[in-house]
Amino acid sequence: MQNSYVELNGRERAQALLDRDTFRELVGPFDRLYSPHLEPQGIVPQSDDGVIVARGMLQGEQVLVISIEGAFQGGGIGEVGGAKISGALELALEANIQGDRIVPILLLDTGGVRLQEANYGLLSISEISSQVIALREHVPVIGVIPGRIGAFGGMSIVAELASTLIATRMARLGLNGPEVIEQEAGVMEFDSRDKELIWNTIGARQRQATGLIDELVEDDATALTAAIYQAMKRPAKAPKTLQTDFYLSLLSQFDPAQKWTPENYVELYEKVNPINQFSSFAKEGPSDQANSRGYRWFAALTGMAHPVSDTPSVLAADIVKDGQICRYISVVPDAASRYPRAKDGEVGLLEGWTVAQLVRDAIRLDQDSANKRPIIAIVDVPSQAYGYSEELIGISLALAASTDAYACARMQGHPVVALIVGNAISGAFLAHGLQANRLIALDDPGVHIQAMSKTSAARITRRSISELEEATSKVPAMAYDITSYSTLGSLFRLLQDIQADAPRTEDLRAVEFAIAEAIASIETAPLDLISSRLQSEAAQNGGRAATLRVREALRQQW
């Protein structure tokens with residue numbers, strides 16, 4: 001195709017959108033800000049880290065174009081590339097607040113987190129998500145999925161947060177790639193060799209038919225530029241992430257035990273008549289409904305014996321602490337879940353939309369109050385749900401909904417604190433925890449933070465488990481243990497000598513004191529994510545060294 005957009009590389013894609021002679025790249029390849037984490041793993045870095053950031057004009061309008069180069073590390077997000085994206089979006093936000101209108105355009109050709117820099121990738125994607133949500137209040141944020149790779153992993157959450165999401169017919173959109181689902185759940189769940197199934201499930205045509213993509217365009221640079229410009233000029237509309245009633249109504253009618261085809265699902269999607277959904281809160285039951293750290297810590301912190309809920313996998317309660325109402329939310333296992341891929345505490349479709357509903361409910365209740373209730377996310381989530389039903393319906397949007405809700409609560413003045421008592425893995429952590437003002441973790445061998453399970457990460461990076469563990473010893477951002485994670489600088493407190501599996505009275509007091517301390521620290525602090533993370537002692541002493549260099553270079557060149 002003579003004017004094919006998909007055939008262009010990342011830099012050419014950015015240039016093709018902009019008016020002649022207006023392309024100006026920021027922190028480009030000649031700045032030589034390499035990832036410092038790849039060479040120790042035997043991987044050749046790239047001088048722009050696979051992310052192109054440019055300012056220019058699109059039909060006379062100021063725009064910021066951020067293009068991810070899928071040919072480098074599958075478009076994976078590491079520390080340098082992630083810092084370029086979040087740092088540029090922050091500068092665009094500052095400009096728009098000051099009245100200088102700049103529209104961000106995200107060209108997404110990415111598999112999500114770069115596993116060789118896993119925790120840097122997760123931090124970056126949470127920060128990018130926060131900036132997108134903040135920018136939407138001022139200008140439209142345009143997401144574009146050209147094709148080749150598509151938008152997967154945590155960056156599919158970013159895609160769903162965009163004001164308008166545009167794609168070519170060669171694009172795909174999904175939280176979990178077919179190969180990953182097959183690895184985690186088996187070939188009977190999703191056959192990664194069945195190309196027709198893949199395209200009919202996560203391809204752009206199906207995604208548009210089920211509301212996950214807003215507009216399809218031909219693979220033509222001129223047509224794509226026109227579509228972006230029209231999206232920039234359209235009146236703002238409500239984000240897709242606010243469709244809580246619709247999706248909870250849909251999920252109540254969807255039976256995962258049935259064999260669903262993409263065509264059957266489109267029929268259901270078009271017939272759903274949403275009804276008002278009401279938040280379900282925990283109450284005391286006759287016996288424990290789950291056996292997990294997230295369940296036990298929810299019971300301990302709320303003082304609730306054997307908590308149960310109408311939505312068994314999500315527990316929530318408003319508890320008065322020191323004269324202030326605090327909302328506690330925990331995702332827990334539900335062995336009887338209708339969604340078998342989410343029965344062990346994973347964040348799936350129902351969990352994502354339910355958490356979003358609970359957080360939005362807190363925002364609604366306090367909208368006229370100067371004293372916003374703190375929201376405490378108790379984090380013990382092994383991963384997002386890997387399943388065919390989840391991808392068919394759009395787990396990326398479900399997790400974007402909870403991400404959006406937590407970020408909006410934080411930006412509107414609710415102190416949001418994440419207490420990490422167990423696993424905090426991948427998209428589940430992005431959706432439930434990483435939008436918090438403050439992160440508190442227990443210093444315990446059972447606390448793990450990462451982008452993927454060890455087995456899957458080894459497969460994806462083509463290593464043995466022992467080779468993966470050797471690599472993590474050289475790159476703390478790849479490690480699973482909380483001690484390594486603490487060196488990155490994002491933790492507010494790392495609590496020692498806590499019995500994580502069976503909290504004692506003194507453990508409970510120590511955790512409650514840390515939560516109260518975190519809430520107090522938020523009162524006069526900025527409401528963004530990046531300030532506290534980058535100003536911490538660990539971040540300043542090397543934990544986010546590359547991030548700080550990138551952001552300073554961006555500001556100088558802006």
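Above this text is the structure in question.
Residues numbered from 1 in each chain as written. Predicted model: local features only at pLDDT ≥ 70, side-chain atom pairs only at ≥ 80, totals over all residues. Heavy atoms only, no water.

Visitor: Hey, could you run me through the overall build of the chain in this one?
Guide: Scanning the chain for helices and strands turns up 22 helices and 18 strands. Looking at the chain residue by residue over its 558 residues, the buried ones come to 62%. When contacts within the chain are restricted to residue pairs at least 6 apart in sequence, long-range pairs at least 24 apart make up 75% of them. Summed over its atoms, the accessible surface of the chain is roughly 20700 Å², and 49% of this surface lies on carbon and sulfur atoms. Charged side chains in the chain number 50 positive and 69 negative. The centres of these two groups are separated by 2 Å. (Helix = DSSP H or I, 4+ residues; strand = E, 2+ residues; numbered from the N terminus. Buried < 20%, exposed > 50% of the residue type's maximum accessible area, 1.4 Å probe, protein only. Contact = heavy atoms within 4.5 Å. Areas by Shrake-Rupley, 256 points an atom, 1.4 Å probe, with all protein chains shown as cover. Lys, Arg positive; Asp, Glu negative; His and termini not counted. Charge placed at Lys NZ, Arg CZ, Asp CG, Glu CD.)

Visitor: I'm lost on helix H4 (residues 154-161) in this one. Help?
Guide: Working note: α-helix, 3.6 residues per turn, so residues spaced by three or four point in the same direction. The element H4 is extensively covered by neighbouring structure, given that eight of its eight residues are classed as buried. Inspection of H4 places Gly154, Met155, Ser156, Ile157, Val158, Ala159, Glu160 and Leu161 among the buried residues, and these make up the whole buried set.

Visitor: Hey, could you run me through the nonpolar core in this one?
Guide: Membership of the largest hydrophobic core comes to 187 residues, with the highest contact counts inside it found for Ile105, Ile228, Leu250, Tyr265, Leu442 and Tyr485. Those residues in contact with leucine 442 that sit more than four places away from it in its chain are Trp297, Leu419, Ile420, Val421, Val447, Ile482, Leu494, Leu495, Ile498, Ala500 and Val511. (Core = buried A, V, L, I, M, F, W, Y, C linked by side-chain atoms within 4.5 Å.)

Visitor: I would appreciate a short explanation of the pairing of strand S13 (residues 324-331) in the present structure.
Guide: Burial runs high along S13: six of the eight residues are buried. Pairing analysis gives eight bridges linking strand S12 (residues 314-321) to S13, with the strands arranged antiparallel. Residue pairing for S13: valine 314 is matched across the bridge by valine 331. In this structure, the hairpin formed by S12 and S13 is closed by a connection of two residues, where aspartate 322 is found at a positive phi of approximately 55°. As paired strands, S13 and strand S14 (residues 375-381) are joined by four bridges and run parallel to one another. (Pairing = 2+ DSSP bridges.)

Visitor: Is there a simple way to think about unusual backbone geometry in this case?
Guide: Its identity as a non-glycine residue notwithstanding, arginine 32 has a phi of 55°, on the positive side. Mapped onto the fold, arginine 32 is located in the loop between strand S1 (24-26) and strand S2 (51-58). A positive phi angle, near 50°, is found at glutamine 59, a position not held by glycine. Assessed through its relative accessible area of 41%, glutamine 59 is described here as partly exposed.

Visitor: Explanation requested: the pattern of salt bridges in the structure shown.
Guide: Summed over all chains, the structure comprises 36 salt bridges. In this structure, arginine 193 engages aspartate 191 in a salt bridge whose closest nitrogen and oxygen atoms are separated by 3.2 Å. With a closest N to O distance of 3.2 Å, lysine 237 and aspartate 214 form a salt bridge. Of this pair, lysine 237 sits in the loop between helix H8 (221-233) and helix H9 (244-253) while aspartate 214 sits in the loop between helix H7 (204-209) and strand S9 (215-217), placing them 23 residues apart in sequence. Through salt bridges that share partners, Asp318, Arg327, Asp361, Arg364, Asp366 and Arg373 make up one connected network. (Salt bridge = Lys/Arg side-chain N within 4 Å of Asp/Glu carboxyl O.)

Visitor: What am I meant to see in the packing of aromatic side chains here?
Guide: Within a pair of aromatic rings, the relevant descriptors are the distance that separates the centres and the angle that separates the planes. Inspection of every chain in the model, using the stated rule, returns eight aromatic pairs. A centroid spacing of 5.3 Å and a plane angle of 70° characterise the contact between phenylalanine 246 and tyrosine 269, whose relative ring orientation is edge-to-face. On the criterion of sequence distance, the pair formed by phenylalanine 246 in helix H9 and tyrosine 269 in helix H10 (residues 262-271) is long-range, its members being 23 residues apart. Under the relative-accessibility criterion, tyrosine 269 is labelled buried at 16%. (Phe/Tyr/Trp six-rings, centres within 6.5 Å; stacked < 30°, edge-to-face > 60°.)

Visitor: Explain helix H12 (residues 349-365) to me, please; I cannot follow it from the model alone.
Guide: Over its 17 residues, H12 extends 24 Å from the first C-alpha to the last, a length consistent with the 24 Å expected when each residue adds 1.5 Å. Among the 17 residues that make up H12, 13 are buried, leaving the element largely enclosed by the rest of the structure. (Expected span 1.5 Å × (residues − 1).)

Visitor: Any chance you could explain the layout of surface pockets here in plain terms?
Guide: Gaps left between atoms show up when a probe the size of a water molecule is rolled over them. Of the volumes computed, that of the second largest pocket is approximately 490 Å³. If you trace the second largest pocket, you find 24 residues lining it, with Met188, Glu189, Lys259, Trp260 and Tyr388 closest to the centre. Of all the secondary-structure elements, those providing two or more residues to the lining of the second largest pocket are helix H6 (195-202), H10 and helix H13 (388-393). Broken down by class, the residue content of the lining of the second largest pocket amounts to 11 nonpolar, four polar and nine charged. (1 Å grid on protein atoms, 1.4 Å probe; cavity = no way out; pocket = protein on both sides within 12 Å on 5 of 7 lines; lining within 4 Å. Points joined across faces, edges and corners; volume = space filled by probe spheres on them. Nonpolar A, V, L, I, M, F, W, Y, C, P; charged D, E, K, R; others polar.)

Visitor: It is not clear to me how the packing of helix H3 (residues 118-135) against helix H14 (residues 395-411) should be interpreted in this structure. Could you clarify?
Guide: To describe two helices that pack against each other, one gives the angle between their axes and the distance between the axes. At a closest axis distance of 10 Å, the pairing of H3 and H14 adopts a crossing angle of 65°. It follows that H3 is roughly perpendicular to H14 by the angle criterion. The handedness of the crossing between H3 and H14 is right-handed. Listed contacts from H14 to Ser129, Ser130, Ile133 and Ala134 of H3 are Thr403, Asp404, Ala407, Cys408, Arg410 and Met411. (Axes fitted to C-alpha atoms, helices over the stretch in contact; angles between N-to-C directions. Parallel < 35°, antiparallel > 145°, perpendicular 65-115°, else oblique. Left-handed = near helix turned anticlockwise from the far one by under 90°.)

Visitor: Where do I start with the environment of leucine 365 in this structure?
Guide: Counting through the fold element by element, leucine 365 comes out in helix H12. Residue classification places leucine 365 among the partly exposed positions, given a relative accessible area of 41%. Excluding residues that lie within four positions of it along the chain, leucine 365 makes contacts with Arg327 and Arg373.

Visitor: Can you help me understand the sheet that holds S1 in this one?
Guide: Hydrogen bonds along the backbone pair up the strands of a sheet, which may run parallel or antiparallel. In space, the seven strands of this open sheet follow the order S1-S2-S3-S4-S5-S7-S9, with mixed pairing throughout. In this open sheet, the two strands that pair with only one neighbour each are S1 and S9. Taken over all neighbouring pairs, the strand axes of this sheet differ in orientation by 25° on average, direction set aside. Sheet analysis places strand S7 (residues 164-168) next to S9, joined by three bridges and oriented parallel. Opposite isoleucine 166, over in S9, you have glutamate 215 as the bridge partner. Against the sheet, helix H2 (residues 79-97) engages S1, S2, strand S3 (61-68) and strand S4 (103-107), with an angle of about 165° to S3.

Visitor: Before we go on, may I ask you to explain the side chain of serine 156 in this structure?
Guide: Mapped onto the elements, serine 156 comes out in helix H4. At a separation of 2.7 Å, a polar atom in the side chain of serine 156 contacts the main-chain carbonyl oxygen of glycine 153. Leave out the neighbours within four places in its chain, and serine 156 touches Ala151, Leu173, Gly174, Leu175 and Ser396. (Polar contact = N/O pair within 3.5 Å; in protein donor to acceptor, adjacent residues only side chain to side chain.)

Visitor: What is the right way to look at the side chain of arginine 13 in this model?
Guide: Turning to its location among the elements, arginine 13 is positioned in helix H1 (residues 10-17). You can call arginine 13 buried: its relative accessible area is 2%. A polar side-chain atom of arginine 13 sits 3.4 Å from a polar atom in the side chain of aspartate 109. Arginine 13 has contacts with Tyr5, Val6, Leu8, Ser67, Leu107, Asp109, Pro146, Gly147 and Arg148, leaving out every residue within four places of it along the chain.

Shape descriptors only; they carry no functional weight alone.
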